[in-house]
Amino acid sequence: MQITKLHMHTERDHSQVVCTSSKKDPSKKSVPSFKQRFIRRCVVALIFMVVFCVINFVLLCAYIPYSSWSLISWEAFDKAPYVDTIVTGSSYAERTINPNILDDKLGYTTYNIAVPYQSLHDSFQAIKKAHETRGISRVVLGLRHETLCADSNERDLKRHAIFTTGYVSDISVVYYLRDMFDTVFDPQYFGKRDSLNYPVLWGYHLRQDAEPLYNLTQRLISSDRIADSVARYSNWHYYGKGYGNYNNTQKSFNKNSGLPFPFGTLSDTHMKTYEDICKYCKENNIELITVVTPYPSFTFTSDKGNYPMMMKPLEKIAETYGSVYIDLNLVKNNKYRLSLEHFYDVEHVNTYGADRATALVTDILSHEDPQARMHELLYTYNQWDECCKSYPAE
């Protein structure tokens, strides 16, 4: 009996050993469940996204110019305790309307958030953001004939990237993601190179004179952005509320600059965008003031009536929606008329030209009957020949 018991005990031990050894067999590894694989992949994807965002942020800080005017303008707007009026548009608006004069004469609280190369579409985005975040009640939209013309470069995302640099400078995730989604999935870009490049915004700021180390250093030490810009751009001065300008005239600027000047057909797309801006402002009780910024008078010497013919439809849209429309190229009164010394170049006025142009705008807006005052100070498009003859030879 004892031998039998010993045998049974041995077999039981043997089975336990076999079972134990089979559990420890390295050749028989357990397969991760679907849930475990899914979690691992999510963690890897999350780590990749974090690393990508960190690298992208560092490169943005390195390649976006620290002294960027768009950053100066939008940061002033974002930090302002109160805003009821904005000036928007491309550099035409940026360099023509002095918000300090508007506020002194009209009691507004105005900030200039116009950005160089800004398209009419981007001006519309700026208006909507300013209304949604600050509840603005007034918009001064500065533009010229070129703003509304078809341009082979108008869909160049580099121009939009410059606008976005300031537009999302407040690190607004909502507006950043909205802009990213709308741009990447735009039918004109989706599936093309630009739809892949746009999320990496710093790539649009790569150029030979880029100073990545300088930009990073200035950001790390929180250098004064405005002082840096004043030091970097000779004769450029900052006057507050997002507005800066040159106080000189370029040496190369003369009456032969840019001639002959073509006044081509306006783009239906841009005209539709302008009408959408007028409609949006009316529906949201925002006073829209459209200011057509000035040309040097010599640009009209070879014009055969094309300019007024092109601009009349724009004026008609403004009138339809009850918007104020002021064309600074129709000035009657010598008090407000600009001469060559008021221009920086053929496209932009300088500080003195901006002060004079803004004074004219405030004169009209401060009058109890702006339309009547406008007729006193400005010609109409139907009086174009008379207007051109009234300009002195320069």
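Within each chain, residue numbers correspond to sequence positions counted from 1 in written order. Per-residue local features of the predicted model are confined to residues with pLDDT of at least 70, and side-chain atom pairs are confined, for both listing and counting, to 80 or more; whole-chain, interface and lining totals are unaffected and use all residues. Based on all heavy atoms of the structure, the side-chain values leave hydrogens and waters out of the count.

Observations concerning the packing of aromatic side chains
Then, number 1: Pairing of aromatic rings covers Phe, Tyr and the six-membered ring of Trp, with a centre-to-centre limit of 6.5 Å; geometry is then stacked below 30 degrees between planes, edge-to-face above 60, and tilted otherwise. Scanning the model with the defined rule gives 21 aromatic pairs in all.
Then, number 2: Between Tyr246 and Tyr344, the aromatic rings sit 4.4 Å apart at their centres with planes inclined by 15°, giving stacked as the arrangement. Linking Tyr246 in strand 5 (residues 243–246) with Tyr344 in the loop between strand 7 (324–327) and helix 15 (351–366), this pair joins segments that are 98 residues apart in sequence. Pair check on accessibility: Tyr246 and Tyr344 agree, each one buried.
Then, number 3: Taken together, a centroid distance of 5.2 Å and an interplanar angle of 35° make the contact between Tyr307 and Trp384 tilted. Starting at the N terminus, helices and strands are each numbered in turn, a helix being any DSSP run of H or I of at least four residues and a strand any DSSP run of E of at least two. Relative accessibility under 20% of the residue-type maximum defines a buried residue, over 50% an exposed one, and the middle range a partly exposed one, all with a 1.4 Å probe and only protein chains included.

Re the pattern of salt bridges
Then, number 1: Salt bridges are defined as contacts in which a side-chain nitrogen from Lys or Arg sits within 4 Å of a carboxyl oxygen from Asp or Glu. Applying the stated criterion across every chain yields a total of 10 salt bridges.
Then, number 2: In this structure, Glu75 and Arg225 form a salt bridge, with 2.8 Å as the shortest nitrogen-oxygen distance. Taken together, the residues Glu75 in helix 3 (residues 69–79) and Arg225 in helix 12 (residues 225–232) connect sequence positions 150 residues apart.
Then, number 3: Three or more residues joined by partner-sharing salt bridges are found here, namely Asp84, Arg138 and Glu287.

Things to note about a nonpolar patch on the surface
Then, number 1: A cluster of nonpolar side chains, namely Phe34, Phe38, Ile39, Val43, Ile47, Val51 and Ile55, defines an oily patch on the protein surface of about 700 Å² accessible area.
Then, number 2: Residue position: Ile55 is located in helix 2 (residues 34–63). Patch construction takes residues with relative accessible area above 30% that form no salt bridge. Like charges are linked within 9 Å, and nonpolar side chains (Val, Leu, Ile, Met, Phe, Trp, Tyr) are linked within 5 Å. Under the convention used here, a 1.4 Å probe and the Shrake-Rupley method define accessible areas, while residue burial counts only the protein chains that appear.

A closer look at empty space enclosed by the protein
Then, number 1: Buried and open spaces are told apart on a 1 Å grid over the protein atoms alone, a cavity being a set of points where a 1.4 Å probe fits but cannot get out and a pocket being an open set with protein on both sides within 12 Å along at least five of seven lines. Residues with an atom within 4 Å of a point are the lining residues. Grid points are joined across faces, edges and corners, and a volume is the space filled by probe spheres set on the points. All chains considered together, the criterion is met by 2 cavities of 30 Å³ or more.
Then, number 2: Of the volumes computed, that of the largest cavity is approximately 70 Å³.
Then, number 3: Of the volumes computed, that of the second largest cavity is approximately 40 Å³.
Then, number 4: Sorting the residues of the lining of the second largest cavity by element identifies helix 3, strand 4 (236–240) and strand 5 as the ones contributing at least two each.
Then, number 5: Considering each element in turn, the lining of the second largest cavity owes the most residues, 3 residues, to helix 3.
Then, number 6: Just so you know the grouping, Ala, Val, Leu, Ile, Met, Phe, Trp, Tyr, Cys and Pro go in nonpolar, Asp, Glu, Lys and Arg go in charged, and all remaining residues, Gly too, go in polar. When its residues are assigned to classes, the lining of the second largest cavity shows 5 nonpolar, 3 polar and 1 charged.

Quick word on the confidence of the model for the protein chain
Then, number 1: Of the residues in the protein chain, 88% have a pLDDT of 70 or more, and the chain-wide mean is 85.
Then, number 2: The predictor rates its confidence in each residue with pLDDT, a number between 0 and 100. Note on contacts: a residue pair qualifies if any of its non-hydrogen atoms lie within 4.5 Å across the two residues. Across residues 1–8, where pLDDT falls below 50, the model places 0 contacts with residues more than four positions away in sequence or in other chains.

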